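# Survey of secondary and tertiary structure
What follows is the residue order along each chain.
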Amino acid sequence: MMEGATTRIEQIQVAVLSRVGKDDVLVGHSLENDLRALRIVHERVVDTAQLFRSEGGRKHSLRHLSAVLLDRKIQQHSGGGGPGG
């Protein structure tokens, strides 16, 4: 998956941090994983995976949240070996 990659994590960090200020709010699903992988700490994060947990504390998928809250079907892949398929 990373074969031939020439971009270093430090370059990605610089690119992200040049676009995201300390007062910006990041909104996304399971952002904790993305930020951890990038080794970035940001104080203003709205993470839908954290906001909308089941009664047992389990995370709902983005696909589930979209269907229930927005009445929209997303991530409908047919077979394949890529993400979501």
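Refer to the structure printed above.
What this report covers is the structure whose coordinates are included nearby.

Reading the values: rules and limits
- Residues numbered from 1 in each chain as written.
- Predicted model: local features only at pLDDT ≥ 70, side-chain atom pairs only at ≥ 80, totals over all residues.
- Heavy atoms only, no water.
- Helix = DSSP H or I, 4+ residues; strand = E, 2+ residues; numbered from the N terminus.
- Rg over C-alpha atoms; globule rule 2.2 N^0.38 Å.
- Buried < 20%, exposed > 50% of the residue type's maximum accessible area, 1.4 Å probe, protein only.
- Contact = heavy atoms within 4.5 Å.
- Areas by Shrake-Rupley, 256 points an atom, 1.4 Å probe, with all protein chains shown as cover.
- Lys, Arg positive; Asp, Glu negative; His and termini not counted.
- Charge placed at Lys NZ, Arg CZ, Asp CG, Glu CD.
- Core = buried A, V, L, I, M, F, W, Y, C linked by side-chain atoms within 4.5 Å.

Moving on: the overall build of the protein. Broken down by element type, the protein carries 4 helices and 2 strands. Over its C-alpha trace the protein gives a radius of gyration of 16 Å, far above what one expects of a compact globule, namely 12 Å for 85 residues. Along the first, second and third principal axes, the C-alpha atoms of the protein reach 35 × 35 × 20 Å. Among the 85 residues that make up the protein, the fraction classed as buried is 18%. Partitioning the intrachain contacts of the protein with sequence separation of at least 6 by distance along the chain shows that 22% fall at a separation of at least 24. As displayed, the protein offers around 7000 Å² of accessible surface, 53% of which is attributable to carbon and sulfur atoms. Both charge centroids of the protein, one from 12 positive and one from 10 negative side chains, sit 3 Å from each other.

With that settled, the discussion passes to the nonpolar core. Formed by V20, L26, L31, L35 and I40, the largest nonpolar core amounts to 5 residues. Those residues in contact with L26 that lie beyond four places of it in its chain are V20, L31, L35, H42, R44, V45 and V46.

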